[in-house]
Amino acid sequence: MTRGRSQRVLVRHWDGREEHRRPDDLIVEEPLTIRLDDVTVTTTMRTPGHDFELAAGFCFTEGLLEDASITSIRYCATEPAADTEYNLVTVETDGAPVATPRLGLTTSSCGLCGAESIEALRERLRPLPNGAAPVSPGVLAAVPERVRVSQDLFGTTGGVHAAAAFTAAGEPTLVREDIGRHNAVDKVVGRMLLDGRLPAHGLGLFVSGRASFEMVQKAWAAGFAALVAVSAPSALAVETAQAAGLCLAGFARDGQLNFYS
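Residues numbered from 1 in each chain as written. Predicted model: local features only at pLDDT ≥ 70, side-chain atom pairs only at ≥ 80, totals over all residues. Heavy atoms only, no water.

Asker: Help me out: how do you make sense of the nonpolar core in this one?
Answerer: Side chains that are nonpolar tend, in soluble globular proteins, to be buried together. Core analysis: the largest hydrophobic core is formed by 35 residues, its most contacted members being V188, M192, F224, L227 and L246. Only α2 (118–124), β7 (161–166), α5 (181–194), β9 (204–207), α6 (213–222), β10 (226–229) and α7 (235–244) provide two or more residues apiece to this core. If you tally residues by element for this core, the top one is α6, at seven residues. For L246, the residues in contact, after removing those within four places along its chain, are L128, V216, A219, F224, A225, A226, L227, A241 and S261. Counting residues in hydrophobic clusters, the runner-up holds 19 residues, among them A55, L64, Y75 and V91. (Core = buried A, V, L, I, M, F, W, Y, C linked by side-chain atoms within 4.5 Å. Buried < 20%, exposed > 50% of the residue type's maximum accessible area, 1.4 Å probe, protein only. Helix = DSSP H or I, 4+ residues; strand = E, 2+ residues; numbered from the N terminus. Contact = heavy atoms within 4.5 Å.)

Next comes the structure, spelled out in structure tokens:
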């Protein structure tokens, strides 16, 4: 089902000299509750669209699936989807461990930051293969502009983040947008998981905001060789990228960037 992803409102605009009324498009933000088999694992504030990808990607990057495979994804599971306004998704598997519910509401700004330590990630994930990263500075610095042409929702609203998978040549292969940075990443990872394209060795992951610990965690879990962010990384993100063997670049804008690992 196609959901509205932006909403038009009438605003009063001050142009520096006078005030006049004009339409403005806003990004839609709604809660999505994700259930893994019989357990509600989280509720996240997201932009409707690609909800199945988001649910699959979240369960995967948070390590909730372990070695289990997804057998089906659907809206709700016990009542008509319209009754929950398409804001509840159930992921069913062939034997995932019983998940521990994530208490509270996951916000669109920070997600579940710091939910796992680097040590816990090392127990769950192996270091990434050496020599697989698209490390050409010129290629990585050009990725933001190449992704920008596919950010339709950002062009309309100016209020949404993007994540993209890209090749060693810097060519975006999959772009997703969402009000939450972590949601956009999970939508990319979820689509690749459902298509059987993980681990993403040899590919890079672009994010339109900062590179937090959570962004590095998700990139590592999915097997990306590089993470390129428009803004700064956190200190913990850099430590995590070094532990993962992940190429981490930040402040990728205007053809420039910094390498942190």
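Asker: Would you mind going over the packing of α5 against α6 with me for this structure?
Answerer: Look at α5 against α6: their axes get within 10 Å of each other, and the N-to-C directions meet at 5°. It follows from the interaxial angle that α5 and α6 lie roughly parallel. Each of R181, H182, V185, D186 and V189 in α5 lies in contact with α6, whose residues at this interface are E214, M215, K218 and A222. Partitioned by chemical class, the residues of the contact of α5 with α6 number four nonpolar, one polar and four charged. (Axes fitted to C-alpha atoms, helices over the stretch in contact; angles between N-to-C directions. Parallel < 35°, antiparallel > 145°, perpendicular 65-115°, else oblique. Nonpolar A, V, L, I, M, F, W, Y, C, P; charged D, E, K, R; others polar.)

Asker: Mind showing me how you'd approach the environment of M215 here?
Answerer: Counting through the fold element by element, M215 comes out in helix α6. Its relative accessible area of 0% is what places M215 among the buried residues. In the structure, M215 is positioned 29 residues away from D186 in sequence and 9.7 Å away in space, judged by C-alpha atoms. If sequence neighbours within four positions are ignored, M215 has contacts with R181, H182, V185, V207, R210 and L227.

Asker: Is there a simple way to think about the environment of Q217 in this case?
Answerer: When you line up the elements, Q217 lands in helix α6. In sequence terms Q217 and A244 are 27 residues apart; their C-alpha atoms lie 8.9 Å from each other.

Asker: Honestly, the pattern of salt bridges in this entry has me stumped. Any pointers?
Answerer: Close approach of charged atoms allows side chains with opposite charge to pair. All told, the structure shown has 14 salt bridges when counted by the stated rule. One salt bridge connects R12 with E19, and the closest N-O pair in it is separated by 2.9 Å. Residue classification places E19 among the partly exposed residues on the basis of a relative accessible area of 47%. The closest approach of N and O atoms between E53 and R191, which form a salt bridge, is 3.2 Å. Note that E53 is positioned in helix α1 (residues 51–61) and R191 in helix α5, a separation of 138 residues in sequence. On the basis of relative accessibility, which here comes to 5%, the residue E53 falls in the buried class. Residue class for R191 comes out partly exposed when judged on its relative accessible area of 22%. Taken together, the shared-partner salt bridges in this structure form one network comprising E53, R176, R191, D195 and R197. (Salt bridge = Lys/Arg side-chain N within 4 Å of Asp/Glu carboxyl O.)

Asker: Which parts of the structure should I look at to understand α5?
Answerer: Each α-helix winds once per 3.6 residues, and so residues spaced three or four apart point in a common direction. When the terminal C-alpha atoms of α5 are compared, their 20 Å separation across 14 residues agrees well with the 20 Å that a helix rising 1.5 Å per residue should span. For α5, the full list of buried residues reads R181, H182, N183, A184, V185, D186, K187, V188, V189, G190 and M192. The inward-facing, buried residues of α5 contact β4 (39–46), α1, β7, β8 (172–178), β9 and α6. G196 lies just past α5 and shows a positive phi near 70°. (Expected span 1.5 Å × (residues − 1).)

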